[in-house]
Amino acid sequence: MDHFLYRDGALHAEDVPLAAIAAEVGTPFYCYSAATLLRHYRLFDEALNGMEHLVCFAMKSNSNQAIIRLLADAGAGMDVVSGGEYARARAAGVPGNRIVFSGVGKTAAEMRTALEGGIRQFNVESEPELERLSAVAAAMGSRAPITLRINPDVDAKTHAKIATGKSENKFGIPIARAREVYAMAARLPGIDVIGIDVHIGSQLTELAPFEVAYRKVADLTRALREDGHDIRRLDLGGGLGIPYTRSNEAPPLPRDYGDLIRRTVGDLGCEVEIEPGRLISGNAGVLVSEVIYLKSGEGRDFLILDAAMNDLVRPSMYDAYHDIVPLREPAPGAPQQPFDVVGPVCETGDTFARGRELTALAAGDLVAFRSAGAYGAVMASEYNSRPLVPEVLVQGDRWAVIRPRPTLDEMIARDTVPDWLDGAGAD
Ligand SMILES: *Cc1c(COP(=O)(O)O)cnc(C)c1O
């Protein structure tokens, strides 16, 4: 459920008509609903009731300062995958002991920053990373709390670009080698082994792969405890999928996911962490865009929008489907026709949808891409020198720009021309 609904014929974000925001901010822009973000966070928090737990929002899905602050105030921890995300979490006021650091390529500088600023744990993905982290921590006279990310060799049955739990993926330590690597970790002077981490992929629409993975984690917990390790924390990753179309069957609910966690690892006495991103932020955001032209092609009509692949890359990168709805509610039973929905960027890949059935639209009409709150704004770029798409947060009847659109002058001023080029071509 989200808070983007038609009221009096106009699509609203909570109590605010999206067209009113468009009139002030201009298009395209992202708009997020605070109520939806909080609702989704709380669903996870409640699903883990009765277990010691922390829900760490995967910041790579949406890392705006206002979003982090909103979720952190509600009690969320953060899952970061870079020094930049770590800095963003700290800048939004998240204490280090609520930040977990994931990712396959942490640098020594990133490790140092997190150890200095405070960290709940590092999720370590390889032996060389383990050695580097130990050296960095030992040189600082400290010990880094770690889990090892295990690759359980489970097929997450999701898009190949976002599956991470098969042995051919770059992520984690093969489960068959886990005991050996834990033994090595325990011997390192700058390492404090506290648990196990697993994350098998994103946009999972069934629970079965999680169940297989978590049972392997439970078995490994017992084996590692027999080896003498004090395994007290399990980070079970993120990945629960969301409905991108309103017609398809619903993906699993956080409640059922929580029951699965209780069933598979609940008897181990471990503190549990999860790292959902998409399910918290995905349906909490829309991308609003204006129709620039309606162009009739051979056998097809193109709807050319002022949003493009640089603003929302998921359709061209993952063949992702986003519902596209007009801001003005169509009359009931209004006829539909197929459109190819495209942006203005000079690439054929700049296509949001082909043959999409929509009610009649004309230049100047506004549309919203649903489910655009995760992996939307964070993946945006300024390709084609299009200004970075702005972001807006709505809460009840209040709204605010939480990242303004840069001006063209600001964009150009970020470049510098070396002085040896001065005057070139001028004479
Ligand atoms: C991407 C990622 C997540 C979040 O995945 P979602 O599908 O957005 O829930 C969590 N943990 C790690 C390590 C990730 O890389």
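From a predicted model like this one, the values you see are computed outputs, not experimental measurements.

Brief notes about the site of the ligand
With respect to spatial proximity, 15 residues lie near the ligand, and among them K60, S202, E275, R278 and Y375 are the closest. One of the backbone N or O atoms of G239 is found 2.8 Å from an oxygen atom in the ligand. Partitioning the shell around the ligand into residue classes produces three nonpolar, seven polar and five charged.

Focus: the state of the cysteines
Scanning all chains against the criterion turns up zero disulfides. The thiol of C56 is unpaired, and the distance to the nearest cysteine sulfur, on C270, comes to 15 Å. Assessed through its relative accessible area of 0%, C56 is described here as buried.

Things to note about helix α9 (residues 254-265)
Compared with an ideal rise of 1.5 Å per residue, which puts 12 residues at 16 Å, α9 spans 16 Å between its outermost C-alpha atoms and is within 8% of the ideal. All of the buried residues in α9 are P254, Y257, G258, L260, I261, T264 and V265. Mapping the buried residues of α9 onto a view down its axis gives an arc of 155 degrees, with all of them on the same face. Exposed residues on α9 whose side chains face more than 90 degrees from its buried face are R255 and R263. Its buried side turned inward, α9 meets α2 (34-47), α8 (208-226), β12 (233-235), β13 (271-274) and α10 (278-281).

So, the pattern of salt bridges
In a structure, side chains of opposite charge can pair up when their charged atoms sit close to one another. The final tally for this structure, using the stated rule, is 22 salt bridges. For R370, the salt bridge is made with D2, and the minimal N-O distance between the two is 3.6 Å. Placement of the pair is R370 in the loop between β19 (366-369) and β20 (391-395) and D2 in the segment before β1 (4-7), with a sequence separation of 368 residues. Taking relative accessible area as the criterion, D2 reaches 18% and is therefore assigned buried.

Points about the nonpolar core
Counting residues in hydrophobic clusters, the biggest one holds 100 residues, and the most contacted among them are M78, F122, L130, I146, L236 and I261. With seven residues, the single largest contributor to this core is α8. Counting 18 residues, the second-largest nonpolar core is a separate cluster that includes F29, C31, V325 and V394.

What about the environment of L71?
Among the secondary structure elements, L71 is positioned in helix α3 (residues 65-73). In the structure, L71 is positioned 37 residues away from A34 in sequence and 9.0 Å away in space, judged by C-alpha atoms. In this structure L71 touches L37, Y41, F57, A76, M78 and I280, once residues within four positions along its chain are discounted.

Quick notes on the sheet that holds strand β3 (residues 16-17)
With antiparallel pairing, three strands are arranged side by side in an open sheet as β1-β2-β3. Lying at the two open borders of the sheet, with one neighbouring strand each, are β1 and β3.

Notes on the pairing of strand β11 (residues 191-197)
With six of seven residues buried, β11 is to be regarded as a mostly interior element. For strand β9 (residues 144-151) and β11, the ladder comprises six bridges, and the chain directions are parallel. Residue R149 lies in a different strand from β11, and its bridge partner there is D197. Of the pairings in the sheet, the one linking β11 to β12 comprises three bridges and is parallel in character. The partner of I196 across the bridge, within β12, is L234. In this region the chain leaves β11, passes through α8 and returns to the parallel neighbour β12; the handedness of that crossover is right-handed.

Calculation rules
Residues numbered from 1 in each chain as written. Predicted model: local features only at pLDDT ≥ 70, side-chain atom pairs only at ≥ 80, totals over all residues. Heavy atoms only, no water. Near = heavy atom within 4 Å. Polar contact = N/O pair within 3.5 Å; in protein donor to acceptor, adjacent residues only side chain to side chain. Nonpolar A, V, L, I, M, F, W, Y, C, P; charged D, E, K, R; others polar. Disulfide = S-S within 2.5 Å. Buried < 20%, exposed > 50% of the residue type's maximum accessible area, 1.4 Å probe, protein only. Helix = DSSP H or I, 4+ residues; strand = E, 2+ residues; numbered from the N terminus. Expected span 1.5 Å × (residues − 1). Arc of directions from axis to C-beta. Contact = heavy atoms within 4.5 Å. Salt bridge = Lys/Arg side-chain N within 4 Å of Asp/Glu carboxyl O. Core = buried A, V, L, I, M, F, W, Y, C linked by side-chain atoms within 4.5 Å. Pairing = 2+ DSSP bridges. Right-handed = clockwise from strand over helix to strand, strands pointing away.

Function cannot be read off these values alone, since they describe shape.
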